[in-house]
Amino acid sequence: MNAMRMCDVGRLARAGAVVGCLAGLLACSPTFNWRDVPLDGGALRAQLPCKPERAERLVPLTRAGVTLQLLSCEAGGITYALAWARPDLSAANDSLAQVLDRWQQAGWTSLRQPVPAGAQAPAGWSPWPLSVARAEQLRAWQGSGLDHRGAALQARQAYLAHAGVVYQAAVYGARLPTEAVSPFFDALVLPTNP
């Protein structure tokens, strides 16, 4: 009987050790696992805290339309998104500034945030200080909006242009803690040579 109890105790101890190790591994598994992500056709270097899904779609950023490349993922209740396109400005008779204006408007529209006549941004939205060296144009905004289900969210969106490519970097979530958002925007780097 003592031998059986010792075996049971030994098994329980091993099982407890295994469960403890697994719990320890899960506790050490980071919510934000930052990694470099390649932007095919774009020079911008960026990082995401999760494995991104890729998508492509035709959007009306120019009069002729442009193919937009997208990467997005969710970590810690925050959606991280990167998008980029190389618009043919000669065919559409558009400028990079016009493309960024249209993209910015489309971003606010998707968040159900109309821009009042004569205003630069929706009510409650404000510029925020973001710097990306070598960006030819850069606009960064923060504010609140509604997701596709109508739930309230916070957003930070940056639109920039470099060497004929336009980019958007954005985060969306019920809360946007600095420690979860800053690494994303701080990692945006443009090359010294396009």
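Provided above is the structure to which this section pertains.
Keep in mind the model is a prediction, meaning the values are calculated, not measured. (Residues numbered from 1 in each chain as written. Predicted model: local features only at pLDDT ≥ 70, side-chain atom pairs only at ≥ 80, totals over all residues. Heavy atoms only, no water.)

Further remarks concern the overall build of the protein chain. In terms of regular secondary structure, the protein chain is built from 4 helices and 9 strands. Put simply, the protein chain runs from its N terminus to its C terminus through helices and strands in the order α-β-β-β-β-β-α-α-β-β-β-β-α. Taking all 194 residues of the protein chain together, the buried fraction comes to 39%. Within the protein chain, contacts between residues separated by at least 24 positions form 50% of all contacts whose residues are at least 6 apart in sequence. Summed over its atoms, the accessible surface of the protein chain is roughly 11000 Å², and 56% of this surface lies on carbon and sulfur atoms. (Helix = DSSP H or I, 4+ residues; strand = E, 2+ residues; numbered from the N terminus. Buried < 20%, exposed > 50% of the residue type's maximum accessible area, 1.4 Å probe, protein only. Contact = heavy atoms within 4.5 Å. Areas by Shrake-Rupley, 256 points an atom, 1.4 Å probe, with all protein chains shown as cover.)

A separate point is helix α3 (residues 96–110). For α3, spanning 15 residues, the distance from its first C-alpha to its last is 21 Å, which sits close to the expected 21 Å at 1.5 Å a residue. Along α3, the positions that sit buried rather than exposed are Leu 96, Val 99, Leu 100, Trp 103, Gln 104, Gly 107 and Trp 108. Down the axis of α3, the sector holding all buried residues measures 165°, keeping them to one side. (Expected span 1.5 Å × (residues − 1). Arc of directions from axis to C-beta.)

Now for the state of the cysteines. Summed over all chains, the structure comprises 1 disulfide. The disulfide partner of Cys 50 is Cys 73, and the gap between their sulfur atoms is 2.0 Å. Between Cys 50 and Cys 73 the sulfur-sulfur dihedral comes to about 75°; the bridge is accordingly right-handed. Placement of Cys 50 in the loop between β2 (46–48) and β3 (53–59) and of Cys 73 in strand β4 (residues 66–75) is noted, with a sequence separation of 23 residues between them. (Disulfide = S-S within 2.5 Å.)

Among the 11 residues of strand β8 (residues 152–162), 8 are classified as buried, and the element is accordingly described as predominantly covered. The pairing of strand β7 (residues 137–146) with β8 spans 10 bridges and is antiparallel. Each bridged residue has a counterpart across the sheet, and for Leu 146 the counterpart in β8 is Ala 152. Joining the antiparallel neighbours β7 and β8 is a turn of 5 residues, in which Gly 150 adopts a positive phi near 90°. (Pairing = 2+ DSSP bridges.)

Moving on: helix α4 (residues 178–186). Those residues of α4 lying buried are Ala 180, Val 181, Phe 184 and Phe 185. Mapping the buried residues of α4 onto a view down its axis gives an arc of 110°, with all of them on the same face. Summarising the geometry of α4, the exposed residues directed more than 90 degrees from the buried face are Thr 178, Glu 179 and Asp 186. Those residues of α4 that are buried are in contact with β2, β5 (78–85), β8 and β9 (165–173).

Its place among the elements puts Gln 104 in helix α3. A polar contact of 3.3 Å, which involves the side chain of Gln 104, links it to the side chain of Trp 141. Residue contacts for Gln 104: discarding those within four places in its chain leaves Gln 120, Arg 139, Trp 141 and Tyr 159. (Polar contact = N/O pair within 3.5 Å; in protein donor to acceptor, adjacent residues only side chain to side chain.)

As a further point, take the sheet that holds β5. Here 7 strands make up an open sheet; going across it, the order is β3-β4-β5-β9-β8-β7-β6 and the pairing antiparallel. Both edges of this open sheet fall to β3 and β6 (126–127), since each of them pairs with a single strand only. The sheet strands contacting α3 are β4, β5, β7, β8 and β9, and the helix crosses β7 at an angle near 10°. Where α4 meets the sheet, its contacts fall on β5, β8 and β9, and the angle it forms with β9 comes to roughly 175°. (Axes fitted to C-alpha atoms, helices over the stretch in contact; angles between N-to-C directions.)

For the coordinates displayed, the defined rule picks out 5 salt bridges. With a shortest N-O distance of 2.5 Å, Arg 139 and Asp 101 are connected by a salt bridge. Of the two residues, Arg 139 is situated in strand β7 and Asp 101 in helix α3; the sequence distance between them amounts to 38 residues. Overlapping salt bridges bring together Arg 63, Asp 94 and Arg 102 as one network. (Salt bridge = Lys/Arg side-chain N within 4 Å of Asp/Glu carboxyl O.)

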